[in-house]
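# Survey of secondary and tertiary structure
If you want the building blocks of each chain, they are given just below.
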Amino acid sequence: MSAALRTHNLSVQYGPEVTLTYPDLNLKAGEMLAITGPSGTGKTTLLHLLAGLLRPASGEVHYGTLNLAAASETAREGFRRRNVGYVFQDFHLMQGLSALENVELGLRVAGANQPHLRAQETLKCLDLGHRLNHRPGQLSTGERQRVAVARAVAHRPGLLLVDEPTAHLDRNRAGAALNLLLDAAAELGATLIVVTHDPLVADALPARLELGQEMAVVGV
Ligand SMILES: Nc1ncnc2c1ncn2[C@@H]1O[C@H](COP(=O)(O)OP(=O)(O)OP(=O)(O)O)[C@@H](O)[C@H]1O
C-alpha cells in the first residue's frame, strides 16, 4: 500500500570526515520525485535511508504511521519486504539463478502467495516471457534491468526506489526504461523516487530534489 513519505532533519555520518545533511521531503502517496545533483552529494545514501537500509545519525523518516529511523531492525526489515521495491544501479541480480528464480526469490522473501506464478506473470508483463529460464549473464543489459524491475514490483510495493535507471543504456533504451518505471509506478499507485544524472529522466518526473551546496528543493 502506498503511503505519504515525510522526512525531517535527516543527516548521515560516514566516519569522522563525511557528514551529509538533507532538506526535508514531503511526498503524498503516489507522487513521483527525481533526486539529482553532483556526484558525492548523497543521492544513493538518501535512497538507502528511505528504504530503511541505513539508519540516520539524526532525523526522522515517516512512511505512513511508521518512523523508520526509530524502528527496530526487525520492523525495518518487515517494512522493506512488504513496502519497498528497490532497483539498484547494478541490478544486484543473483547470477546463479534464472530470471524467473530471481523474481520468485524476491516474492518468497516478501511472503507473497503463489510466488512462482506471480513471478512468471510479472516477467511476462515486462516482455520477458521468452527469457524466464535465462540467467543474468545470458541477458542483455536492458533485459537484466527489466528483470530487476520485475523483482522490485512483483510484490506490489507502495514505494519504488530506483538508482540511476538509464546509466547503462543508449537513448532509445533509456526512454523505454523510463516509460517502464512510470507505467509500473502508475499501475501500482506507488510513490516513485528516482536518483538520476539524466535530464531525460529528471524532466519526466513532476518533482525534483536537487542535492548540492544549496540543497534546494524544486517543484515539490
Ligand atoms: N559506506 C560508506 N562509507 C563511507 N563513506 C561513504 C559510504 N557510502 C557513501 N559514502 C560517502 O558519502 C558521500 C555520498 O555518497 P553517495 O553514494 O550517497 O553519493 P551520490 O550522490 O549517490 O554519488 P554518485 O552520484 O557518484 O553515485 C560520498 O562522499 C561517499 O564517498
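The structure contained in this document is the topic of the report that follows. (Residues numbered from 1 in each chain as written. Predicted model: local features only at pLDDT ≥ 70, side-chain atom pairs only at ≥ 80, totals over all residues. Heavy atoms only, no water.)

### Focus on the pattern of salt bridges
Counted according to the given criterion, the structure contains nine salt bridges. The residue R208 makes a salt bridge to D203 at a minimum N-O spacing of 2.7 Å. Residue R208 is classed as partly exposed on the basis of its relative accessible area, which comes to 24%. It is possible to trace a salt-bridge network through shared partners that takes in E73, R76 and R80. (Salt bridge = Lys/Arg side-chain N within 4 Å of Asp/Glu carboxyl O. Buried < 20%, exposed > 50% of the residue type's maximum accessible area, 1.4 Å probe, protein only.)

### Examining unusual backbone geometry
Of note, the phi angle at F91 is positive, near 70°, even though the residue is not glycine. You can call F91 buried: its relative accessible area is 7%. The phi dihedral of R156 falls on the positive side, at around 55°, and the residue is not glycine. Residue placement: R156 occurs in the loop between helix 5 (141-153) and strand 8 (159-163). (Helix = DSSP H or I, 4+ residues; strand = E, 2+ residues; numbered from the N terminus.)

### So, the environment of P165
As for its placement among the helices and strands, P165 is situated in the loop between strand 8 and helix 6 (171-188). Judged by its relative accessible area of 6%, P165 is buried. The spacing of P165 and Q89 is 76 residues in sequence and 6.4 Å in space, taken between C-alpha atoms. When near neighbours in sequence (up to four residues on either side) are disregarded, P165 contacts Q145, A177, L181, V194 and V195. (Contact = heavy atoms within 4.5 Å.)

### As for the nonpolar core
Formed by 38 residues in total, the largest nonpolar core has its most connected members in V103, L123, V147, L192 and L205. For this core, the secondary structure elements donating two or more residues are strand 4 (32-36), helix 3 (99-109), helix 4 (115-125), helix 5, strand 8, helix 6, strand 9 (191-195) and helix 7 (199-204). Considering each element in turn, this core owes the most residues, seven residues, to helix 6. What L205 contacts, discounting residues up to four positions off in sequence, is M32, L33, A34, L182, L192 and V194. Grouped together as the second largest cluster of nonpolar side chains are 28 residues, L20, L49, Y63 and A207 included. (Core = buried A, V, L, I, M, F, W, Y, C linked by side-chain atoms within 4.5 Å.)

### A short note on helix 4
Looking at helix 4, one finds that the buried residues are P115, A119, T122 and L123. Take helix 4 and look down its axis: the buried residues cluster within an arc of 95°, on one side only. Positioned one or two residues after helix 4, D127 has a phi angle of 60°, which is positive. (Arc of directions from axis to C-beta.)

### Examining the site of the ligand
With respect to spatial proximity, the complete set of residues near the ligand consists of Y14, V18, L20, P38, S39, G40, T41, G42, K43, T44, T45 and H197. Between the ligand and the protein, one listed contact pairs an oxygen atom with a side-chain N or O atom of S39 at 2.4 Å. Between T45 and the ligand, the recorded distance is 2.6 Å, taken from a side-chain N or O atom to an oxygen atom. Considered on its own, the ligand offers 640 Å² of accessible surface; in the complex 57% of this is hidden by protein. At the level of elements, strand 2 (18-21) and helix 1 (43-51) are the ones that each hand at least two residues to the shell around the ligand. With three residues, the top contributor of residues to the shell around the ligand is helix 1. (Near = heavy atom within 4 Å. Polar contact = N/O pair within 3.5 Å; in protein donor to acceptor, adjacent residues only side chain to side chain. Areas by Shrake-Rupley, 256 points an atom, 1.4 Å probe, with all protein chains shown as cover.)

### Remarks on the side chain of D163
Mapping D163 onto the fold places it in strand 8. This buried residue, D163, is left without a salt bridge; K43 holds the nearest opposite charge, at 7.5 Å. Ignoring anything within four residues of it in the chain, the contact list for D163 reads T44, L47, Y86, V87, F88, Q89 and V195. (Lys, Arg positive; Asp, Glu negative; His and termini not counted.)

### Structural notes on helix 2 (residues 73-83)
When helix 2 is considered as a whole, its buried residues turn out to be R76, G78, F79, R80 and N83. Taken together, the buried residues of helix 2 touch helix 1, strand 5 (58-63), strand 6 (66-67), strand 7 (84-87) and strand 8.

### Regarding the packing of aromatic side chains
Counted by the stated rule, this structure contains two aromatic pairs. Consider the rings of Y63 and F79, whose centres lie 5.1 Å apart with planes at 70°: the pair is edge-to-face. With Y63 in strand 5 and F79 in helix 2, this pair connects stretches of sequence that are 16 residues apart. Across the pair, F79 and Y63 agree in class, each one buried. (Phe/Tyr/Trp six-rings, centres within 6.5 Å; stacked < 30°, edge-to-face > 60°.)

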